[in-house]
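Here's the letter readout for the chains.
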Amino acid sequence: MAKITVHIGYQHFVMEGDKALALLDTLQGAEVYELKWRSESDGGTSHHIYPQDATGRKVEIGYLTDEQYRMYKLAGKPSE
């Protein structure tokens, strides 16, 4: 069965279509939590929660055929 790729931030995740839809549905209602570290002399670390639409970031989805999935999985984790 074909797989769906979900691109969030700098990572791509691959999963079954129904799980990808559930993940996207869950993320749709989520807010962004951001921690901005600053030294104590600069006022200390601040914490922020705000709507996703304020970030301009996108979650992207893609598609992998069965053949692509098997070939990429066979390649395994890239060497460092």
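A. Region of interest: the pattern of salt bridges. Within the structure shown, the criterion is met by 2 salt bridges. For E16, the salt bridge is made with K3, and the minimal N-O distance between the two is 2.4 Å. Here the residue E16 occupies a position in the loop between β2 (11-15) and α1 (17-28), and K3 occupies one in strand β1 (residues 3-8), the gap between them amounting to 13 residues. Judged by relative accessible area, K3 falls into the buried class, the value being 13%. The salt bridge partner of E34 is K36, with a shortest N-O separation of 3.5 Å.

B. Representation of the packing of aromatic side chains. Scanning the entire structure with this criterion turns up 0 aromatic pairs. The ring of Y69 is capped by K3, whose NZ or CZ atom sits 4.7 Å from the centre of that ring.

C. Here's a closer look at the sheet that holds β2. Strand order in the open sheet made by the 3 strands is β2-β1-β5, with antiparallel pairing throughout. One side of each edge strand has no neighbouring strand; the edge strands of this open sheet are β2 and β5 (60-64). Averaged over all pairs of adjacent strands, the angle between strand axes in this sheet comes to 25 degrees, irrespective of strand direction. Of the pairings in the sheet, the one linking β1 to β5 comprises 5 bridges and is antiparallel in character. Paired with V6 across the two strands is I61, which belongs to β5. Against the sheet, helix α2 (residues 66-75) makes contact with β1, β2 and β5, and its axis sits at roughly 95 degrees relative to β5, the strand it touches most.

D. Geometry of the environment of G29. When you line up the elements, G29 lands in the loop between α1 and β3 (31-36). Judged by its relative accessible area of 67%, G29 falls in the exposed class.

Reading guide: rules and limits
Residues numbered from 1 in each chain as written. Predicted model: local features only at pLDDT ≥ 70, side-chain atom pairs only at ≥ 80, totals over all residues. Heavy atoms only, no water. Salt bridge = Lys/Arg side-chain N within 4 Å of Asp/Glu carboxyl O. Helix = DSSP H or I, 4+ residues; strand = E, 2+ residues; numbered from the N terminus. Buried < 20%, exposed > 50% of the residue type's maximum accessible area, 1.4 Å probe, protein only. Phe/Tyr/Trp six-rings, centres within 6.5 Å; stacked < 30°, edge-to-face > 60°. Lys NZ or Arg CZ within 6 Å of the ring centre and 35° of its normal. Pairing = 2+ DSSP bridges. Axes fitted to C-alpha atoms, helices over the stretch in contact; angles between N-to-C directions. Contact = heavy atoms within 4.5 Å.

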